[in-house]
Amino acid sequence: MKFEQAAGTNPIDRQKIIGQPTSRIDGPLKTTGTAPYAHERHGPNHGVVPNQSYGYILGAGIAKGRVASMDTQEAARAPGVLGIVTTLEQELLPPGQGIVANIFGGAEIRHYHQAIAVVMAETFEQARAAANMIRVDYDRADGRFDLATLAPQARVADESGKLKGEPFKVEVGDFAGAFAEAPVTVDATYTTADESHAMMEPFASIAAWEGEKLTVWTSNQMIAWSKGSLAKMLGMKPENVRLDSPFIGGGFGAKLWVRADAVLAALGAKKVGRPVRIAMQRPLVANNTSHRPATIQQVKLGATPDGRLTAFHHSSTSGNLPGGDVEVATQQSRLLYAAPNREIFMKLAVNDLPEGNAMRAPGEAPGLMVLEMAMDELAEKLGMDPVELRIVNDTQVDPEKPERPFSERHLVECLRRGAEEFGWNRRNPKPAQVRDGRWLVGMGMATGFRNSMATKSAARVRLQRDGSLVVETDMTDIGTGTYTILAQTAAEMMGLPLDRVTVRLGDSDDPASAGSGGQWGAANSTSGVYAACVKLRTAIAEKLGMDPTTADFTDGEVRAGNRSARLSDAGELMAEDRIEFGDLDKQYQQSTFAGHFCEVAVDSYTGEVRVHRMLAVCEAGRILNPVTARSQVIGGMTMGVGSALMEELAVDTRFGLFVNHDLAGYEVPVHADIPHQQVIFLDHPDDKANPLKAKGVGELGLCGVGAAVANAIYNATGVRVRDYPITLDKHLEKLPQVA
Amino acid sequence: MLAGSGAAVALTQAPGVQAQGSSGGAATPPTMPVSFTVNGKEAELTLDTRVTLLDALREHLELTGSKKGCDHGQCGACTVMVNGTRINSCLSLAVQHQGDEITTIEGLGTPDNLHPMQAAFVKHDGYQCGYCTPGQICSAVATLAEIRAGIPSHVQDDITAAPAFSAAELRERMSGNICRCGAYSNIVDAITEVAGA
Ligand code: FES
Ligand code: FES
């Protein structure tokens, strides 16, 4: 099905099941510990393949240089060891999709904890012990690790965010002239930190060979991409690779790609002639895999006294391995606010740290942390309410292409509704005025913005003899609620109760979906199921001798004219289709919007920040399931608190690694950091987006939150900290005197 | 007492491990028998002394409900109850648990017969990816028992008074269980419902 024109009325609009608050259908499995995650598919009861052995990865102890020699003799003789694969016996594998780091092979080390060996043994303990017996000699080379030092040599990135093509800058009007003339200006530099996905389930895979064929049970967000990627890395035909990933213990972008766990399980299994199971040990995750790169950003805003932006500059510098991408932190700035004179670009500094790559809301997350802090600074200079400043600068068209409107854009409503719900009028615009005992109390807000991406997605639906339905697609559920919303979609389309629908996910043998990433999963994968269901409805109606165009599917029955039949009367039928898109997303900018509001208290003695209240008002088209959508948003809000207050991979600029590479050293929000969170969804189905009229929320919930927290801290303390995360040491000395 | 003697035995065998390592013999590593009950069922195992309680459950008893998020006592995903007290099962060796009574997520309820805490997590969507969830639920059940037992916490105003069921208490006591998906707000709602029941 090709989606080329705005959606008319369709069966989804009934909203009997879609749009209704619905508990996750996989909830009973997840809450009882019976949902099978990758590393758990062993043993007589839930094993996917017998005779599994354990693999343990050894990471490089240098960031740059060469492995001079490896002595594996002692390890090879250690109890239980079945075999060892070292990087010296394997040619460098070709890069997988989306990755520039060396995954395995060759003597060259390009980042710290690059995998250099995998040890297979009968037990986990034996594999781990033996891995530690491998003696490695390195020739260490100097590396480039400090972004601040590298920034002056950073080069302007091309339009794709790399250093290959022409440097790309958005230049509209005359920024320099307008900025020089603007009566009110802000010009400041900000930094955001390297961040780790820190999903709770480490990378994990089981690999088994059957002749030429490889099966990998794994934890991966993008099955079709990763199947092709693994085949490419291992020099195989894609049809000989099968991936299966029904449950994923979080990914946040880290599991978009194939990483060392899958590759080394496959190589290891070949070596020892047995299936190999690997969970990457937690201390290896941060440096072996990827992270959100730190940024240094500059914002220059010029405005008239009534708050209208006349000059807008946003630039960002980040680092990455050679060939890597820039962190697209200025992405939202091209679309968020009207301003006639604009200058936007990004710079990339080549470094030798672990690979920077996509982490939840890549670009927008750090970009809005900065832009929305700068807007707060501008509001204060203007003596204007920060909410009003955003409203005055709202745009209904793409600021670079005014002939191109937004499909739906109700940011103003998000902001007004949020201000009202949150009691924004109680905020004292003058900072450091509100005290509650020893606490300084403040409120802040920020705009949230993230694009909605249309991408093809396929599914198969099978009507069973008993009239129940099975949905099959390689789509993944990374906590997003995919199982439930696909079941809701199919149930709505076929007129079945939810419990008559079974959903099977994550198997590369099933039709290729959009996958989970970039908050595109929900809207596109449900549209793929919609397309398959439309086909199945036609097949059923034809089988029953009814007119497919008028047949109504309700309550397990099909009705047309004055005839009706049970769905089960059609017998077993199968339909497969995919949604594809025309150019509506070129004609119309499709985005999602939020107003984020936050209240914090700062301990006037210690500088400790406590978040007291949080609210998000979101516009993201039709909300498919308010329960799971809300969870996506509060999860984003929680991660936003982390970015604002604590998350930072600390770079050892001498040795080129992230020092705090585990869950003790890398701090993420815990229960005590997070208050009750309120989420409101506006109801604006987007008929230009897809047949579901839905857009994503998984990243929107994070976008802007960090700035809302930071602005609240400023409102509480009067101290502006422009270097994230805002740990107490950065403002303690400057806090108002304790009386 | 039993755990103590287990540790002592492991210690005396440690030199043996080293000798095997350096002599290069592929002899089996030292093992010890251990028996405990898990979810009311007797388990008798002979284990490599390095096996953690978490891996005994996950790898040897196929009770994979308890999760391994870090293996270092940093995340809480492996939380189980031992003799009624919650612990990070990755932080103790299986052989320390001779005679112990262990309750895992599988012992609380099943998909067809959920424990009230499990049902409350489903109702309040107290999870997303589900990987921290068994640990959160075990921790939540134990937390309510700890409050009932009058065990004080750092957020109490009066440490000598009986602790109350408040959101602040729950947040403090649950802070050893990380949820990177950020379901905290919903988890507190779920536990609050059970606490009030
Ligand atoms: S696995 Fe035990 S605390 Fe993380
Ligand atoms: S539900 Fe994913 S970490 Fe808690």
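Residues numbered from 1 in each chain as written. Chains lettered and ligands numbered in written order. Predicted model: local features only at pLDDT ≥ 70, side-chain atom pairs only at ≥ 80, totals over all residues. Heavy atoms only, no water.

Re helix H12 (residues 411–422) of chain A
All names here are of chain A.
And then number 1: Taking 1.5 Å per residue as the helical rise, H12 with its twelve residues ought to reach 16 Å, and the 16 Å between its terminal C-alpha atoms agrees with that figure.
And then number 2: For H12, the set of buried residues is Leu411, Cys414, Leu415, Gly418, Ala419 and Phe422. One face of H12 carries all of its buried residues, which in axial projection span an arc of 120 degrees.
And then number 3: Here the buried face of H12 lies against helix H11 (386–392), strand S23 (439–451), strand S31 (591–603) and strand S32 (609–619).
And then number 4: Immediately downstream of H12, the backbone of Gly423 shows phi near 75 degrees, a positive value. (Helix = DSSP H or I, 4+ residues; strand = E, 2+ residues; numbered from the N terminus. Expected span 1.5 Å × (residues − 1). Buried < 20%, exposed > 50% of the residue type's maximum accessible area, 1.4 Å probe, protein only. Arc of directions from axis to C-beta. Contact = heavy atoms within 4.5 Å.)

Topic: the sheet that holds strand S6 (residues 115–121) of chain A
Residue and element names in this part refer to chain A.
And then number 1: If you trace the seven strands from one edge of the open sheet to the other, you get S4-S6-S2-S14-S11-S12-S13, paired in mixed fashion. If you trace the sheet from one side to the other, it starts and ends with strand S4 (81–86) and strand S13 (241–244), each paired once. Taken over all neighbouring pairs, the strand axes of this sheet differ in orientation by 20 degrees on average, direction set aside.
And then number 2: In this sheet, strand S12 (residues 213–218) lies alongside strand S11 (residues 204–210) in antiparallel orientation, the contact comprising six bridges. The partner of Glu210 across the bridge, within S12, is Lys213.
And then number 3: Helix H4 (residues 124–131) rests against strand S2 (53–59), S4 and S6 of the sheet, and its axis sits at about 25 degrees to S2.
And then number 4: In the packing of helix H8 (residues 260–272) onto the sheet, contacts are made with S2, S4, S6, S11, S12 and strand S14 (276–279), and the angle to S11 comes to roughly 35 degrees. (Pairing = 2+ DSSP bridges. Axes fitted to C-alpha atoms, helices over the stretch in contact; angles between N-to-C directions.)

Focus on the sheet that holds strand S4 (residues 85–88) of chain B
All names here are of chain B.
And then number 1: Here we have five strands laid out as an open sheet, ordered S2-S1-S5-S3-S4, and mixed in their pairing. One side of each edge strand has no neighbouring strand; the edge strands of this open sheet are strand S2 (41–48) and S4. The sheet shows a mean angle of 40 degrees between the axes of neighbouring strands, direction not considered.
And then number 2: Packed onto the sheet, helix H5 (residues 133–148) meets strand S3 (79–82) and S4 and runs at close to 45 degrees relative to S3.

A short note on the pairing of strand S1 (residues 31–38) of chain B
All names here are of chain B.
And then number 1: In terms of residue burial, S1 counts as a mostly covered element, since six of its eight residues are buried.
And then number 2: In the sheet, S1 pairs with S2 via eight bridges, with the strands oriented antiparallel. Each bridged residue has a counterpart across the sheet, and for Val34 the counterpart in S2 is Leu45.
And then number 3: Taking the residues between adjacent antiparallel strands as the criterion, S1 and S2 are bridged by two residues, where Asn39 takes a positive phi near 55 degrees.
And then number 4: Pairing between S1 and strand S5 (residues 101–103): two bridges, direction parallel. Each residue of the ladder has a partner; that of Thr37, found in S5, is Glu101.

Some thoughts on the domain arrangement of chain A
How big an interface is tends to be stated in terms of accessible area lost as the parts join.
All names here are of chain A.
And then number 1: When the domains of chain A are assigned, the result is domain 1 (11–36 + 455–580), domain 2 (51–142 + 201–249 + 255–288) and domain 3 (150–194 + 292–452 + 588–734).
And then number 2: A C-alpha centroid distance of 37 Å is found between domain 1 and domain 2.
And then number 3: For the pairing of domain 1 and domain 2, the buried interface totals around 1,400 Å² over both sides, and the portion due to carbon and sulfur atoms is 58%.
And then number 4: Scanning the region where domain 1 abuts domain 2 turns up two salt bridges.
And then number 5: For Asp509, the salt bridge is made with Arg242, and the minimal N-O distance between the two is 3.6 Å. (Domains from an automatic or database assignment. Buried area = accessible area lost by both parts, 1.4 Å probe. Salt bridge = Lys/Arg side-chain N within 4 Å of Asp/Glu carboxyl O.)

Some words on the nonpolar core
Residues and elements named next belong to chain A.
And then number 1: Grouped together as the largest cluster of nonpolar side chains are 226 residues, with contacts concentrated most on Leu469, Ile540 and Val600.
And then number 2: Ranked by the residues each element gives to this core, the list is headed by helix H10 (residues 364–382), at eleven residues.
And then number 3: Aside from chain neighbours lying at most four places away, what touches Val600 is Leu440, Val441, Gly442, Val609, Arg610, Val611, His612, Val709, Ala712, Ile713 and Ala716.
And then number 4: Counting 23 residues, the second-largest nonpolar core is a separate cluster that includes Ala78, Ile84, Val119 and Ala127. (Core = buried A, V, L, I, M, F, W, Y, C linked by side-chain atoms within 4.5 Å.)

A look at unusual backbone geometry
And then number 1: With omega at -10 degrees, the peptide bond leading from Tyr724(A) into Pro725(A) counts as cis.
And then number 2: With respect to the helices, strands and loops of the structure, Pro725(A) is situated in the segment after helix H17 (705–717).
And then number 3: A positive phi angle, near 65 degrees, is found at Asn51(A), a position not held by glycine.
And then number 4: Its identity as a non-glycine residue notwithstanding, Asp71(B) has a phi of 70 degrees, on the positive side.

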